[in-house]
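What the coordinates show
Read off the chains here:
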Amino acid sequence: MLGFQENIDVRRQKNLIGSLIVKSKISKFYAQLWQWLYQAQYRVSGWQPYHIQLTAAAMLLIFIAASFWVSPQLQDALSPYFSNQTQNNLSNLRSLLLNVGSAMIGASAIAFSLVVFAMQVNVERMPHGLFRRFSTDFRVIASFAGTFLIAIAIACSSLIPDASWAAIAVIGATWGVILVFILFLNAYRRALVLINPLQQLKLIVNDACRNLQSWIKRTRRITPLLKGIEPEEPTEGNSRRSTHDMARITYLSLHPHWTVQAQLAISHAMSYALRFAEQGDHEVSYEALKSVVAINHSYVKAKGKTFFAQVFMVDNPLVNDGFINNTLELLRQHLRSGITRGDEQHIEQTLQAMEMLVGVYVQIDYSNENATKTHALLAAGYLSEGVKSVVLHDMPDVLMEGVRLMGKSAHLLLSCDEPNSVVATAENIALLACTGCANEKYRPVTLTAFEQLAKLTFDLIRTSSHYIHYAIKQLREDITMVVKLFLKVPDTPLQRIHSTFLAPYFSVTATQAFLAWQRELINALSDAKQDDDAAKKIVSNFACWSKQLYISQKELLLLAVEKRSGFTFDIIHWIASVTKMLLALSNAQVCDDHIRDELWKDALWLIYVIDWIPGDEETVKFIESYQPVTVLFEAAMDAHSRECPDMAVEIQKIVVNWAFKAGKFQTGWATLEQSIYALVTLVLTKGGQQHFDVLKQQLTTRFSQEPAISQEIRDCTARDIRRKSETLYNLKFETRSVEYQMNRLDQNMLRDSLVEIANILSPGTSNEPGGKERVAH
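Read on for a plain summary of the structure. Computed from a prediction, not measured in an experiment: that's the story for all the values here.

Quick notes on the overall build of the protein
A tally of regular secondary structure across the protein gives 34 helices and zero strands. A buried classification covers 46% of the 777 residues belonging to the protein. Summarising the internal contacts of the protein: among those between residues at least 6 apart in sequence, 77% fall at separations of at least 24. Counting only carbon and sulfur atoms, one obtains 57% of the accessible surface of the protein, whose full area is about 39600 Å².

Some points on the pattern of salt bridges
Inspection of every chain in the model, using the stated rule, returns 20 salt bridges. In this structure, Glu287 and Lys290 form a salt bridge, with 3.6 Å as the shortest nitrogen-oxygen distance. Here Lys290 and Glu287 lie together in helix 11 (residues 282-303), a separation of three residues that amounts to about one turn. When its relative accessible area of 34% is taken as the criterion, Lys290 is described as partly exposed. Several salt bridges converge on common partners, so that one network encompasses Asp693, Lys696 and Glu756.

A few points about the side chain of Glu401
Inspection of the secondary structure assignment puts Glu401 in helix 15 (residues 396-414). With residues near it in sequence (within four places) discarded, Glu401 still touches Glu348 and Gln352.

Comments concerning the packing of helix 12 (residues 322-341) against helix 14 (residues 374-388)
As a packed pair, helix 12 and helix 14 sit with axes 11 Å apart at the nearest point and diverge in direction by 10°. If you check the angle between helix 12 and helix 14, you find them roughly parallel. Here Ile324, Asn325, Leu328, Glu329, Arg332 and Leu335 of helix 12 come into contact with helix 14, specifically with His375, Leu378, Ala379, Tyr382 and Gly386. Its residues assigned to classes, the contact of helix 12 with helix 14 comprises six nonpolar, three polar and two charged.

Quick word on the packing of helix 15 against helix 16 (residues 423-433)
At a closest axis distance of 10 Å, the pairing of helix 15 and helix 16 adopts a crossing angle of 160°. Our classification of the angle between helix 15 and helix 16 gives roughly antiparallel. Between helix 15 and helix 16 lies a crossing whose hand is left-handed. When helix 15 is examined against helix 16, the residues Leu399, Val403, Met406, Gly407, Ser409 and Ala410 are found in contact with a partner set consisting of Thr425, Asn428, Ile429 and Leu432.

Description of the packing of aromatic side chains
What the rule picks out here adds up to 23 aromatic pairs. Pairing Trp215 with Tyr251 gives two aromatic rings, centres 6.3 Å apart and planes at 55°, and the pair type is tilted. Taken together, the residues span a long stretch of sequence, with Trp215 in helix 8 (residues 197-222) and Tyr251 in helix 9 (residues 246-254) at a distance of 36 residues. Among the residues examined, Trp215 registers a relative accessible area of 6% and is labelled buried. You can call Tyr251 buried: its relative accessible area is 11%. Residues Tyr505 and Trp574 carry aromatic rings whose centres are separated by 5.9 Å and whose planes lie at 25° to one another, so their mutual orientation is stacked. One end of the pair, Tyr505, is in helix 21 (residues 503-506); the other, Trp574, is in helix 25 (residues 567-586), with 69 residues separating them in the sequence. Taken together, the ring pairs in this structure connect Tyr505, Phe506, Phe514, Phe542, Trp545, Phe567 and Trp574 into an aromatic cluster. A cation over an aromatic ring shows up here: Lys601 above the ring of Trp605, its NZ or CZ 5.4 Å from the ring centre.

Details of a nonpolar patch on the surface
Judged by side-chain polarity, Val22, Ile26, Phe29, Tyr30, Leu33, Trp34, Trp36, Leu37 and Tyr38 come together as a nonpolar surface patch covering roughly 980 Å² of accessible area. Locating Tyr30 in the fold gives a position in helix 1 (residues 2-45).

Brief notes about the nonpolar core
Within the largest apolar cluster, 192 residues are counted, with the highest numbers of intra-cluster contacts made by Tyr361, Phe506, Trp545 and Trp574. No other element matches helix 25, which puts 12 residues into this core. Residue contacts for Phe506: discarding those within four places in its chain leaves Phe450, Ile479, Val483, Gln553, Leu556, Phe567, Asp570, Ile571 and Trp574. Counting 13 residues, the second largest nonpolar core, distinct from the first, contains Ala151, Ile154, Ala169 and Val180.

How each quantity is defined
- Residues numbered from 1 in each chain as written.
- Predicted model: local features only at pLDDT ≥ 70, side-chain atom pairs only at ≥ 80, totals over all residues.
- Heavy atoms only, no water.
- Helix = DSSP H or I, 4+ residues; strand = E, 2+ residues; numbered from the N terminus.
- Buried < 20%, exposed > 50% of the residue type's maximum accessible area, 1.4 Å probe, protein only.
- Contact = heavy atoms within 4.5 Å.
- Areas by Shrake-Rupley, 256 points an atom, 1.4 Å probe, with all protein chains shown as cover.
- Salt bridge = Lys/Arg side-chain N within 4 Å of Asp/Glu carboxyl O.
- Axes fitted to C-alpha atoms, helices over the stretch in contact; angles between N-to-C directions.
- Parallel < 35°, antiparallel > 145°, perpendicular 65-115°, else oblique.
- Nonpolar A, V, L, I, M, F, W, Y, C, P; charged D, E, K, R; others polar.
- Left-handed = near helix turned anticlockwise from the far one by under 90°.
- Phe/Tyr/Trp six-rings, centres within 6.5 Å; stacked < 30°, edge-to-face > 60°.
- Lys NZ or Arg CZ within 6 Å of the ring centre and 35° of its normal.
- Patch = residues over 30% accessible without salt bridge, like charges linked within 9 Å, V, L, I, M, F, W, Y side chains within 5 Å.
- Core = buried A, V, L, I, M, F, W, Y, C linked by side-chain atoms within 4.5 Å.

The structure is reproduced here in structure tokens:
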């Protein structure tokens, strides 16, 4: 009985497993079926409406041809009904065809009247210049003419001479009625399109683009007649000569009206943008502004290689482009309208349109590799002035978006390997960053501006151009100027205003900040091969950025210390982090000897900025809260690991200077003691006994020359060092960098070294293991 029950349980389990497998297969089948359906739907939706209409028209023609092809069979079927005995049936058919044709004529007139009425009702939504264009739309008129002619044809089919024409008449009338309804539907849909502002804008853009394309075709056709004025082809000897399309320049100058329709389209689009922005329909207004950008893109393509760039000390009248100037001026006026009404979305959309125009004008071919992007710079200037005009109107969100757009425009200019072109935009971004110094509401603007300045600096380093000296210098000056102003804003330890809003450039912990991007870049450069030319350019730019970096950082550090700002922590760690990165970059394979020496020198001068910290008691107490000894120790250890012993020795000197500068005060941080631990650990880690002897000699000399440290502090420090040497086993649980490294040393050697230093500090307490009394030093 027990075995029988077990068999039943086994069968149930098998059935359950089988049902689960079947359900799983069914669910997978349904999932696969839905996937095929979605793929088919996606492919069908990918077809353009134009192709769908062609397919429908082709299918309709096929059905019409097939119906007439079977007309003989239909005639045989209808012959008995229209025989001589039933002559009245033929008369009835004629009457029916006449009545249907007459009804279709009336319906055509009524339908056309309704369509015209719908157009007239919506006339107030159109600019005056467009009403005539849309009220005489060819497709609407063609639909009316088609329905009218088909209705007349249906009525005329009643004139068939005898019953042998009955099948053709019936088929023709049937298809005539169907085609009339199709044309009615087409006219109705076309009317909806014509009164839809989005579709109207599309028609405006299409007409303008077609007109510009027609001028391109005309130019190409006439070019053979103007071959005599073509410029000399550039060769190796005259590679700097321009390659302008002189034939097109001549032809277009002879026809200055070639842009009239495009300019009219832009004015119509701007009229739409203003009207619907005032009505609050920002979707339509934004599409209108995008239409302006699309027309400008077609204009740039149509004009081709006929643009001229601004050249220093040369006045060329062909530089000015009336079409571009008119577009930018219309956008400026549109922006002013939005500012007057206080419409933030209106303003943001206008600024976005200006930024998109920068992207369009960047693509202009000036037929000269060394030409500046004159018109893109002009658009960027309009954008910057537009953003600055918002400052006085209490719109911080708009300013933030404007600063982002200015950063994007600068990146577009920089993508053309023109570093100097971003200088003006960077200065304007820095000016907008200063608004947070005067108004608390604008501090997010300062944060956004520093994000853009950090990105610009990083992209300048990554650019393929070697000529970034001027741009990187100006950008550094802009950043320094803003930081100096912002440090004058009162700061508190809890709010940390300075550190928060300057973080995009100076934060050492943020993952989306300047230093984080630099670390990723240096890691990539470290893996680059020695013959990588792109990596060599970046390394050279990196050296250019670090050149004289210590000057600005020294000013900022001293000002932060003077203001007792929490930003002091960030700037100290920023200096140490950049020093480590410069040393890491100097070890890359793509770094040649000259660049390596420059990086070492810049790193040394930068880390020595910390040595400029004043040595008064209040400053020392403030700085000690940020543990400068630990920061310097970590930098020195990193220098050792990078095979830069000379750099480590120099950092060690800074630690010694700080020990004597800050150790003479009772700060509560045991400055002198912690400095001794760092120094001993450094020399024992990489130097050994020889370097330790040098350290002892150095300390002995300094103590004899600088008796500023009181004997009480020296005695207490010596006792604490001896006590520490007796309890080194407790270091295995320490996580601080100095103590952690001390635990990795030979404990006996470390103990003896510490005792020797303690005896140098306080020879009179050399026989004491350490006192119980402590001074808060």
